[in-house]
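Chain and residue survey
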Amino acid sequence: MIAGVKVAAVPWRTAARETFILSIAPLFRSPRYWIAATLLLLPALFGYERLLDSYFSLRLLPLAALILASALVAEDRERGTLVYLLTRPIDRRALLLGKYASYLVFMTAPALLAMTLGAPRSTAGVSAVLARLPRDFAVVTLALSSYGALFVLLGSLSKWPVIWGLLFLFIWEQIVLLPGVFPRLTIVAYVRQLLASNETASTTGSTGLCVSVLLAVSAAAFSAAAWVFSKREYASEPGPE
Amino acid sequence: MRPMVEFARASRFYGSLMALNDITTSLHPGVTGLLGPNGAGKTTFLRLASGQLAPSQGEVKVLGMPAWSNPRIYHRLGVCPDVDACWRGQSGLQFVSGLLRLSGFARDEANRKALRALESVDLLDVRNRPSATYSRGMRQRLKLAQAVAHDPDVLLLDEPLSGMDPVNRRRVIDLVRRLGREGKTIVVSSHVLPEIEAMTRKILLIHGGRLLAEGDVREIRALLDAHPHAVSLRSPDARGLARAIAVWPHVLSIAFGAEGRWLTVETARPEEFYGAAQALAERFNIEEIFAPDEDLASVFRYLVRK
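Read on for a plain summary of the structure. (Residues numbered from 1 in each chain as written. Chains lettered and ligands numbered in written order. Predicted model: local features only at pLDDT ≥ 70, side-chain atom pairs only at ≥ 80, totals over all residues. Heavy atoms only, no water.)

**Looking at the overall build of chain A**
Along the backbone of chain A there are 11 helices and 0 strands. Secondary structure elements of chain A occur, N-terminal to C-terminal, as α-α-α-α-α-α-α-α-α-α-α. For 241 residues, the compact-globule estimate of 2.2 N^0.38 gives 18 Å, and chain A sits close to it at 19 Å. Seen along its three principal axes, the alpha-carbon backbone of chain A occupies a region of about 65 × 40 × 35 Å. For chain A, long-range pairs separated by at least 24 residues make up 76% of all intrachain contacts whose partners lie at least 6 apart in sequence. Per element, the accessible surface of chain A, about 10,700 Å² overall, is 71% carbon and sulfur. (Helix = DSSP H or I, 4+ residues; strand = E, 2+ residues; numbered from the N terminus. Rg over C-alpha atoms; globule rule 2.2 N^0.38 Å. Contact = heavy atoms within 4.5 Å. Areas by Shrake-Rupley, 256 points an atom, 1.4 Å probe, with all protein chains shown as cover.)

Here is the structure:
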């Protein structure tokens, strides 16, 4: 190596934080973000219970996650701005972590807003909703985290992540309707069980299992996405020379 | 002295297409021009050197380290890519300082370095304007600013003069020359020989993915001079500009292009032509000047035959 001043990559924390900050302005200018946020906000008009139901029965929350998370890398790649990020002294995995964090923060915000706005229209009464809101919000965050990590992985692997994501949501996740062990192969089954456990007071064990599975899905999918992102070429087509 | 950029029998395929074929070269401090027509392999060369692509065969090293996906090289490497892209919703200053912070600089230092880089490309006055409202030439200079802002030892510039007006073209040429004199290793690609000649005498000639020649530009100058050179200019007063140009002895023909704003001039002496055109830049408000690529491609076909 030729002698010089700095040779180490920027620390992970700094790299992820600065990527997060750098992602904010483009995110707010992206139509994708506003479409995704609208999908999360609109059901607030129909009250708290129907909001949660529409998030998972109508797949509004996973759809919103798909729209934004699948484009975290793809949008920069299509726009041509990815080269600026990839030619910085940062680990690519830290870069993806910063982007994923921006997705998570800016998707949980409209979800929390929608849940708060939906509370006064609840059939159970405002005080009952306010009591369960923190737990429900944690479940929604877990769902956004799991679906988001999965769709970031699809975005890293494929040029058509939205198509693969729709197939996952509307074909694979339908096996939740089948009896036996099949529902355990879906994300939505664990989310629904966690949301229902409020009302049916399910055992701590099953809640713990659901949380563990969703956390494991998030961690595994994000780790795989980060690995793919760190190994893959993103300037693979011959350029205009 | 160990080379700053090193290609050792490096090849690159895109599927079955060979974009770069068995390139071996070493680059040292100073400006090196990477000259070749469209599709020659210039961008692939720069993407390999900047670690965006892995070589299919051979080895590419920067600062003595493998270049491919190696974050450690980017403290000392600046890249001005060929794409015309910036993030929406950011000013020029936010764009450059944000990337500096991503390179590990603290906020104050990043701002200070960003301002200095923007000043070096004459964008200081418009630093707070959204970069999306910049003209193409201004965006080119903004890309250059982010490449030089962290004071790298190695600079890879892909067609940095493309789309610039003559005054800023001169400014960027002066900047590249100055950085080269200061000891930076700079590789600058172009398909316009006079652009390269204005910055350096050291060139790599690349065509069809192969390195045809490397050395002093004067050695191939005589061969290239035998061919007329086409130059396109855009001006709101294209007819007035044509009248002024027509009397120059080295102009062989003039043709009008789209919307009456474009002129394509054939000249026997491109170097003289570029110098003279610069003197007319303000009078006729010349907005853009470039050499159509086919021209150099024909010259290269001629060179390959020889």
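**Remarks on the packing of helix α8 (residues 126-157) of chain A against helix α9 (residues 161-170) of chain A**
For any two helices packed against each other, the geometry comes down to the angle between their axes and how far apart the axes lie. All names here are of chain A. It is the contact of α8 with α9, at a shortest axis distance of 9 Å, that shows an interaxial angle of 140°. As judged from the angle between their axes, α8 and α9 are oblique. Crossing of α8 over α9 shows right-handed handedness. Across the interface between the two elements, Y147, L150, F151, L154 and G155 of α8 pack against P161, W164, G165, F168 and L169 of α9. Looking at the contact of α8 with α9, its residues break down into 8 nonpolar, 2 polar and no charged. (Axes fitted to C-alpha atoms, helices over the stretch in contact; angles between N-to-C directions. Parallel < 35°, antiparallel > 145°, perpendicular 65-115°, else oblique. Left-handed = near helix turned anticlockwise from the far one by under 90°. Nonpolar A, V, L, I, M, F, W, Y, C, P; charged D, E, K, R; others polar.)

**Side note on the interface of chain B and chain A**
Tallying the contact residues gives 51 residues for chain B and 44 residues for chain A. When the two sides are added together, the surface that chain B and chain A hide from each other amounts to roughly 4,200 Å², 58% of it contributed by carbon and sulfur. Counting the surface chain B buries against chain A, the share from its top three residues, B:W87, B:R88 and B:L102, is 20%. Of the charged contacts, one joins B:R12 and A:E233 as a salt bridge, the two residues approaching to 2.6 Å between their closest N and O atoms. Counting every contact that joins chain B to chain A gives 8 residue pairs in polar contact (both at pLDDT 80 or more). When contributions to the side of chain B that touches chain A are tallied by element, the ones reaching two or more residues are β1 (5-14), α1 (42-49), α2 (92-102) and α4 (136-148) of chain B. With 5 residues, α2(B) is the largest single contributor of residues to the side of chain B that touches chain A. Counted by class, the side of chain B that touches chain A contains 23 nonpolar, 17 polar and 11 charged residues. (Buried area = accessible area lost by both parts, 1.4 Å probe. Salt bridge = Lys/Arg side-chain N within 4 Å of Asp/Glu carboxyl O. Polar contact = N/O pair within 3.5 Å; in protein donor to acceptor, adjacent residues only side chain to side chain.)

**Overview of the pattern of salt bridges**
Scanning the entire structure with this criterion turns up 23 salt bridges over all chains. For B:R76, the salt bridge goes to B:D153, with nearest N and O atoms at 2.7 Å. In this pair, B:R76 is assigned in the loop between β5 (65-66) and β6 (77-80) and B:D153 in the loop between α4 and β7 (154-158), connecting sequence segments 77 residues apart. Three or more residues joined by partner-sharing salt bridges are found here, namely A:R32, A:E75, A:D76, A:R79 and A:K99.

**Here we look at the packing of aromatic side chains**
The geometry of an aromatic ring pair is captured by the separation of the ring centres together with the interplanar angle, meaning the angle of the planes. Enumeration over the complete set of coordinates arrives at 18 aromatic pairs over all chains. Centroid distance A:F28 to A:Y33: 5.5 Å. Interplanar angle 80°. Geometry classified as edge-to-face. With a relative accessible area of 4%, A:Y33 lands in the buried category. With centroids separated by 4.2 Å and ring planes inclined at 5°, the aromatic side chains of B:F7 and B:F45 adopt a geometry described as stacked. Within this pair, whereas B:F7 is found in strand β1, its partner B:F45 is found in helix α1, the two being separated by 38 residues in sequence. Per residue, the accessibility class of B:F7 equals that of B:F45, and both read buried. What links up through ring pairs into an aromatic cluster is the set A:F20, A:F28, A:Y33, A:W34 and A:F106. (Phe/Tyr/Trp six-rings, centres within 6.5 Å; stacked < 30°, edge-to-face > 60°. Buried < 20%, exposed > 50% of the residue type's maximum accessible area, 1.4 Å probe, protein only.)

Geometric descriptors of this kind do not, in isolation, establish any biological role.
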